[in-house]
Amino acid sequence: MYPILVLSVTGLVTLFLGFLKSKKILLPASLLFVAIAFLSNFIDWNAPGLYFYDMLEATNLSIIFSSIILLSAFLVMALSKGFLDDEHAQPAEYFAILQFSLVGAIMMTNFQNLIMLFVGVEILSVSMYILTGSDKRNIRGNEAALKYFLMGSFATGIMLFGMAMLYGANYTFNISDARILLLQPVTDVRPVFLYVGVTFLLIGLLFKVSAAPFHFWTPDVYEGAPTIFTTFMSTVVKTAGFAAIYRILEVSFSPMYNFWWVMIVTMAILSLFISNITAIAQQSFKRMLAFSSISHAGYMLLAVVGLNNKSGDSIVFYSLAYALATISAFGVLMIVSKDRLVDGRPNENIAVLNGLSKKSPFLAVVLAISMLSLAGIPLTAGFWGKFYVFTDAASRGHIWVLVIAIMMSAVGIYYYFKPIIAAYMKEGEGENIRLSAFYKIILGLTTAGSILLGLFPDLIRELL
Amino acid sequence: MQSQIPDIFQIPLINYVLLASILFIIGIVGVLIRRNAIIIFMSVELMLNAVNLLLVAFSSYRSDPAGQVFVFFIMAVAAAEVAVGLAIIVMIYRNIRSIDVSLLDKLKW
């Protein structure tokens, strides 16, 4: 809960820091602010409670989700190099908007009232619309921003309609009170409002985490946005979205499991099928990672399908594993593609990774481990993430879902190995890549995290 | 005071729900079939206002203020969205001199 206060203030401070002549102070200042927010997060640890007249609730699970969000944001900001390379960039505004968007993301992890869910989703989304279009001269960035904006506000409209219908059914926005009402016998038209409300609310939220069939904006937006903000989108927004979906289903709608599980399971399977099959054909590394992000949304939905008291932990573990691997992968792409321009834009094809093992052995290792983790190979964090969500789905007896999910993760191995093959087997041109020590530390941390969680998965599970 | 309250209840609640649903569906159809970015945007606003109507109707039938409070939040957030959305549309217009979304096809594979 405290990170919301911290980041609201520091976001404003960051805006004022933009008045200074030197832009070099912005990156260390923002990293410090996020670190303070991260530490303040743990004030509520083991002291669950309601805040702001029952608007927000701090629980250990929501604190862990917020911590993952803040950790990913810290790593992404560190990879940005303070936006000093780009003369048209507005670093103070970018860092301020990133911090404000974190406020929205944290509201999504610990809302107790649907108003806070709506406000959180909107703070996060509106910030992301701005950042997607931040490269104003780039027509692809413009297109991505417009698509994201129109699709995102459309999804918001649908989500709001669901909330209004739920209000008509329960006459409360408090999610715990709504659960108590759900356990009582129903009368007259209430079930209709209730079912319409739950369906539309879930559709709106699943839009935000880009689960199929609401995924069609994802590849375009991920490809068009500047890579640094794509990284932010695919880690922070996804974690926050799943925290919100899990929270609303667990706290409020778990008595209606028999109604919504069919919908969630359909979307999980559709996500897995569509994304994994389409990703095989992709030439662009960024677009491939976009489809990979859709498929990981599918896997995380499996944990929701097998809703039990452990599935929150599974989503936590999965989002952490996914965030670490994605940040490494995008970090490598950002460094490699920076100087290889095609039509004035960084070349983001998989071919740009050719011969990476000769040019920079360190980056090749980082890339290989992140891809293995995303594919779910044992001894990486991704394997245990998949293992836990599959266990959850199995605990409710959905074995056929598991068979499909395992088949699709086998398909995934094929396209996750393409970048590794490009890096190690193919001959590339260009000279050696020199890395700053700072980049090495950040990428080293994410890679070490992936391996550490792969070797000792209980580290996170025991924390909860 | 006493004479005004029954006036609201002369129209059954379900009529408001139907009206809001129809407005909402018009908004959805508008988003899906129109090609002009501004008109798509207007349709989204129509969807949001349908929701506002629904919330206010529920709220006054139950004499519960929470719904009306939510409407204020929706209005404030919609205003923020308009600011960002129009900025994005202006940015696109500067680059391609059009706001027809079917001209935006650079991101296809």
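As the structure is a computational prediction, the values presented were derived from the model and not from experiment.

1. Quick look at the overall build of chain B
Now for step 1: Each helix and strand in chain B was counted, giving four helices and zero strands.
Now for step 2: Its helices and strands in sequence order give chain B the pattern α-α-α-α, from N to C terminus.
Now for step 3: Residue burial in chain B is summarised as follows: out of 109 residues, 28% are buried.
Now for step 4: In chain B, of all internal contacts separated by at least 6 residues, the share reaching a separation of at least 24 is 45%.

2. Let's talk about the overall build of chain A
Now for step 1: Looking only at helices and strands, chain A has 19 helices and four strands in total.
Now for step 2: Whereas a compact globule of 464 residues would reach a radius of gyration of roughly 23 Å, chain A reaches 21 Å, a difference of no more than 12%.
Now for step 3: If one aligns the C-alpha atoms of chain A with their principal axes, the spans along those axes are about 70 × 55 × 40 Å.
Now for step 4: Considering chain A as a whole, with its 464 residues, one finds that 61% of them fall into the buried category.

3. Here we look at the packing of helix 5 (residues 114–132) of chain A against helix 6 (residues 139–170) of chain A
Residue and element names in this part refer to chain A.
Now for step 1: Viewed as axis vectors pointing N to C, helix 5 and helix 6 meet at an angle of 170°, and their least axial separation amounts to 9 Å. Judged on the interaxial angle alone, helix 6 and helix 5 are roughly antiparallel. Of the residues in helix 6, those touching helix 5 at Leu114, Phe118, Val121, Glu122, Ser125, Met128, Tyr129 and Thr132 are Gly141, Ala144, Ala145, Tyr148, Phe149, Gly152, Thr156, Leu160 and Met163.
Now for step 2: Tallied by class, residues from the contact of helix 5 with helix 6 come to eleven nonpolar, five polar and one charged.

4. Details of the environment of Val29 of chain B
Now for step 1: If you trace the backbone, Val29 of chain B turns up in helix 2 (residues 13–33).
Now for step 2: For the pair Val29 of chain B and Ser43 of chain B, spaced 14 residues apart in sequence, the C-alpha to C-alpha distance is 8.2 Å.

5. Here we look at the packing of helix 5 of chain A against helix 10 (residues 227–252) of chain A
Residue and element names in this part refer to chain A.
Now for step 1: Close contact between helix 5 and helix 10 brings their axes to 11 Å; oriented N to C, the two are set at 170°. In terms of axis orientation, helix 5 runs roughly antiparallel to helix 10. Residues Leu117, Leu124, Met128, Leu131 and Thr132 of helix 5 touch helix 10, and the partners they reach there are Phe229, Met233, Val237, Ala240 and Ala244.
Now for step 2: Residues belonging to the contact of helix 5 with helix 10 are distributed by class as follows: nine nonpolar, one polar and no charged.

6. Details of the interface of chain B and chain A
Now for step 1: Contacts between the two partners involve 33 residues from chain B, matched on the other side by 34 residues from chain A.
Now for step 2: Elements that contribute at least two residues to the side of chain B that touches chain A include exactly helix 2, helix 3 (37–62) and helix 4 (66–96) of chain B.
Now for step 3: In terms of residue count, helix 4 of chain B provides more of the side of chain B that touches chain A than any other element does, 15 residues in total.
Now for step 4: Across the side of chain B that touches chain A, the residue classes break down as 25 nonpolar, four polar and four charged.

7. A short note on the environment of Ala225 of chain A
Residue and element names in this part refer to chain A.
Now for step 1: As for its position among the elements, Ala225 is in the loop between helix 9 (218–224) and helix 10.
Now for step 2: By the C-beta count within 10 Å, which is 27 here, Ala225 ends up buried.
Now for step 3: Discounting residues that sit within four places of it in the chain, Ala225 has contacts with Thr132, Gly141, Ala144, Thr230 and Met233.

8. Notes on the environment of Leu20 of chain A
Now for step 1: Here Leu20 of chain A lies in the loop between helix 1 (2–17) and helix 2 (26–41).
Now for step 2: Along the sequence, Leu20 of chain A and Ala92 of chain A sit 72 residues apart, while their C-alpha atoms lie 9.7 Å from each other.

9. Regarding the nonpolar core
All names here are of chain A.
Now for step 1: Membership of the largest hydrophobic core comes to 202 residues, with the highest contact counts inside it found for Leu302 and Leu367.
Now for step 2: Here the element with the most residues in this core is helix 6; it accounts for 19 residues.
Now for step 3: Among all residues touching Leu302, those that are not within four sequence positions of it are Ala268, Val389, Phe390, Asp392, Ala393, Val401 and Ala405.

10. Quick look at the UniProt feature "transmembrane region" (unreviewed entry) in chain B
Now for step 1: If you check UniProt for "transmembrane region" (unreviewed entry), the listed places come out as residues 13–33, 38–58 and 70–93 of chain B in our numbering.
Now for step 2: When the span residues 38–58 of chain B is considered, its composition is 100% helix and 0% strand, and the gap between its end C-alpha atoms is 30 Å.

11. Considerations on unusual backbone geometry
Now for step 1: A cis amide bond links Ala212 of chain A to the next residue, Pro213 of chain A, at an omega of 0°.
Now for step 2: With a phi angle near 60°, Asn46 of chain A is a residue other than glycine that sits in the positive phi range.
Now for step 3: Following the sequence through the fold, Asn46 of chain A ends up in the loop between helix 2 and strand 1 (49–51).
Now for step 4: For Asn46 of chain A, a count of 8 C-beta atoms within 10 Å translates into the label exposed.
Now for step 5: For Ser63 of chain B, which is not glycine, the phi dihedral falls at a positive 50°.
Now for step 6: Take Ser63 of chain B: it is sitting in the loop between helix 3 and helix 4.

12. Examining the confidence of the model for chain B
Now for step 1: Looking at chain B, pLDDT values average 87 and 90% of them are 70 or higher.
Now for step 2: For this predicted complex, the interface confidence comes out at an ipTM of 0.92, alongside a pTM of 0.93.

Parameters at a glance
Residues numbered from 1 in each chain as written. Chains lettered and ligands numbered in written order. Predicted model: local features only at pLDDT ≥ 70, side-chain atom pairs only at ≥ 80, totals over all residues. Helix = DSSP H or I, 4+ residues; strand = E, 2+ residues; numbered from the N terminus. Buried ≥ 20, exposed ≤ 12 C-beta atoms within 10 Å, placed from the backbone. Contact = placed C-beta atoms within 7 Å. Rg over C-alpha atoms; globule rule 2.2 N^0.38 Å. Axes fitted to C-alpha atoms, helices over the stretch in contact; angles between N-to-C directions. Parallel < 35°, antiparallel > 145°, perpendicular 65-115°, else oblique. Nonpolar A, V, L, I, M, F, W, Y, C, P; charged D, E, K, R; others polar. Core = buried A, V, L, I, M, F, W, Y, C linked by C-beta atoms within 7 Å. UniProt positions renumbered as here; feature names shortened; annotations may be inferred. pLDDT = per-residue confidence, 0-100.

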